[in-house]
Amino acid sequence: MSEQLDLNLLRVFDALMDTGSVSAAAARLHLSIPATSRALGRLRRAMNDQILVRAGRGLVPTPFALQSAAKVKALLDAAAELRMDPAGSDPRAWRRTFAIRVNDGLSPVLAPRLTHRIAAEAPDVRLRFVPQDSKEPDQLRDGSLDLDIGVADPPPPDVRTRTLFSDHFVAVVAADSDLGRATRITVDDLCARPHISASRRGLAHGPLDDALQRLGRSRRVVAVVPSFAVAALMALEGDFVCLGPQVVAEHLVQRQVPLRWHKVPLELPAADIELRWHHRVDDDPASRWLRHHVREAARQPQ
């Protein structure tokens, strides 16, 4: 006789997929490790799949498990909405994980600010920050992402948006370099110094190049890295220039990272930073609570 799936087994599946570990899932669910291991066996029989398989010293999910993870989360969310929980409106009583996709250029600022706020109010809530490898809304739709933060294309009708702030790109240099000691940066400086380009898509050409081309000028990009945080660290090691968000540059300087930033003496487009979520969680108390804290973290003084 095959095992029957129930909500308790689905909660074990969800914890196993989030943690990738029987012991970590047991701790999250307040179960013993043997009980969690037995539940994994029941899941394997009920789903007719191994769910997690050994890979070296760890466990990795099977393709079927990966495909099913978002569906299970959606089922658990739907089940939770059918039950009145007296403590459901109190974040201090929550034990859950929120998945937030955030632009790499913003994460050095928003991730610590938001984590500090959430930890102070909801000690058993965990934030899982996901790199913005894609801007597609499918993960918002299926529940594997709770929020998306960054610069995005026009949203589809089922995705809600709110602009958090507008930011500008600035030129970042080492504080002890010639440009770090200068009062301002010029177009000649931008063309004479080597540049580090920060691009998750590996692009060496950007808005600065377009602006320089209109003047018949160009810059020299000597390296392309996947994030502004890496580019800024590279700027510490030489006479490099890197462009990055002003909000992050200010944050790094305030934290006494030995960098200096200058306004770019060219017209570059501003970047509107948006918060996005799926319309099905418009009125969900947990989503509203999380969105409120994101907005407050975004407007937090530098």
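Residues numbered from 1 in each chain as written. Predicted model: local features only at pLDDT ≥ 70, side-chain atom pairs only at ≥ 80, totals over all residues. Heavy atoms only, no water.

J.: For the overall build of the chain, give the residues involved together with the corresponding values.
T.: The secondary structure content of the chain amounts to 12 helices and 12 strands. In terms of overall dimensions, the chain has a C-alpha envelope of 75 × 40 × 35 Å along the principal axes. Here the chain, with 302 residues, has 43% of them falling under the buried criterion. The contacts in the chain between residues at least 6 apart in sequence include a share of 74% that link residues at least 24 apart. Total accessible area on the chain is roughly 16,200 Å²; 52% of this is exposed by carbon and sulfur atoms. (Helix = DSSP H or I, 4+ residues; strand = E, 2+ residues; numbered from the N terminus. Buried < 20%, exposed > 50% of the residue type's maximum accessible area, 1.4 Å probe, protein only. Contact = heavy atoms within 4.5 Å. Areas by Shrake-Rupley, 256 points an atom, 1.4 Å probe, with all protein chains shown as cover.)

J.: How would you explain the pattern of salt bridges if you had to name every residue and give the values?
T.: Close approach of charged atoms lets side chains of opposite charge pair. For the coordinates displayed, the defined rule picks out 17 salt bridges. One salt bridge connects Arg160 with Asp282, and the closest N-O pair in it is separated by 3.1 Å. Placement of the pair is Arg160 in strand β6 (residues 159-167) and Asp282 in the loop between β12 (271-278) and α12 (285-299), with a sequence separation of 122 residues. What emerges from the salt-bridge pattern is a single network uniting Asp14, Asp18, Arg28 and Lys73. (Salt bridge = Lys/Arg side-chain N within 4 Å of Asp/Glu carboxyl O.)

J.: Which residues make up the pairing of strand β1 (residues 52-55), and what are the values?
T.: With four bridges joining them, β1 and strand β2 (residues 58-61) adopt antiparallel strand pairing. Looking at β2, one finds that Leu52 is bridged to Pro61. (Pairing = 2+ DSSP bridges.)

J.: Break down the state of the cysteines for me, citing the residues and quoting the values.
T.: Disulfides are covalent bonds that link the sulfur atoms of two cysteine residues. According to the stated counting rule, one finds zero disulfides in the structure shown. Free cysteine: Cys191, not disulfide-bonded; nearest cysteine sulfur from Cys242 at 16 Å. Since its relative accessible area comes to 0%, Cys242 is described here as buried. (Disulfide = S-S within 2.5 Å.)

J.: Quick rundown of helix α3 (residues 33-47)? Include the residues and the values.
T.: Each turn of an α-helix holds 3.6 residues, which means side chains three or four residues apart point in the same direction. Helix length check: α3, at 15 residues, gives a terminal C-alpha distance of 21 Å against a target of 21 Å (1.5 Å per residue), a fit within 8%. Every buried residue of α3 is accounted for by Thr36, Ala39, Leu40, Leu43 and Met47. Burial along α3 is one-sided: seen end-on, the buried residues are contained in an arc of 105 degrees. One side-chain oxygen of the residue at the start of α3 lies 3.1 Å from the amide nitrogen of Ala35, identifying that residue as Ser32. Positioned one or two residues after α3, Asn48 has a phi angle of 55 degrees, which is positive. (Expected span 1.5 Å × (residues − 1). Arc of directions from axis to C-beta. Polar contact = N/O pair within 3.5 Å; in protein donor to acceptor, adjacent residues only side chain to side chain.)

J.: Describe in detail the layout of surface pockets, supporting the description with residues and values.
T.: The computed volume of the second largest pocket comes to approximately 1,000 Å³. Looking at the second largest pocket, it is lined by 35 residues, and the ones nearest its centre are Asn103, Phe169, Ala198, Ser199 and Pro207. Looking at the lining of the second largest pocket, the elements with two or more residues in it are β8 (194-198), α9 (207-214), β10 (241-245) and β12. In terms of residue class, the lining of the second largest pocket is built from 18 nonpolar, 10 polar and seven charged. (1 Å grid on protein atoms, 1.4 Å probe; cavity = no way out; pocket = protein on both sides within 12 Å on 5 of 7 lines; lining within 4 Å. Points joined across faces, edges and corners; volume = space filled by probe spheres on them. Nonpolar A, V, L, I, M, F, W, Y, C, P; charged D, E, K, R; others polar.)

J.: Can you break down the packing of aromatic side chains residue by residue, with the values?
T.: The relation between two aromatic rings is expressed through the spacing of the ring centres and the mutual angle of the planes. Going through the model one piece at a time under the given rule, you end up with two aromatic pairs. When the centroid spacing of 5.1 Å and the interplanar angle of 85 degrees are considered together, the rings of Trp94 and Trp289 count as edge-to-face. Of this pair, Trp94 sits in the loop between α4 (63-81) and β3 (96-102) while Trp289 is found in helix α12, placing the two residues 195 residues apart along the sequence. In this structure, Trp94 and Trp289 share a single accessibility class: buried. Each ring, one from Phe98 and one from Trp289, has its centre 6.2 Å from the other, and the planes form 40 degrees; the classification is tilted. Of this pair, Phe98 sits in strand β3 while Trp289 sits in helix α12; the two residues are 191 residues apart in sequence, bridging distant segments of the chain. For Phe98, a relative accessible area of 1% translates into the label buried. Ring-pair connections join several aromatic residues into one group, and the members of that group are Trp94, Phe98 and Trp289. The positively charged end of Arg291 is found above the aromatic ring belonging to Trp277, 4.3 Å away from the centroid. (Phe/Tyr/Trp six-rings, centres within 6.5 Å; stacked < 30°, edge-to-face > 60°. Lys NZ or Arg CZ within 6 Å of the ring centre and 35° of its normal.)

J.: Requested: an account of the sheet that holds strand β5 (residues 147-150), with residues and values cited.
T.: One open sheet accounts for five strands, arranged β4-β3-β5-β12-β6; its pairing is mixed. Looking at strand neighbours, the two that pair on one side only are β4 (125-131) and β6, the edges of this open sheet. Between one strand and the next, the sheet's axes are offset by a mean angle of 20 degrees, whatever the strand orientation. Pairing between β3 and β4: seven bridges, direction parallel. Bridge assignment links Val102 to a residue of β4, and that residue is Pro131. (Axes fitted to C-alpha atoms, helices over the stretch in contact; angles between N-to-C directions.)

J.: Tell me about the side chain of Ser227, residues and numbers included.
T.: Along the polypeptide, Ser227 turns up in the loop between β9 (220-225) and α10 (228-235). Judged by its relative accessible area of 14%, Ser227 is buried. In contact with Ser227, not counting residues within four places along its chain, are Asp104 and Ala198.

Purely geometric stuff here, so don't read any function into it on its own.
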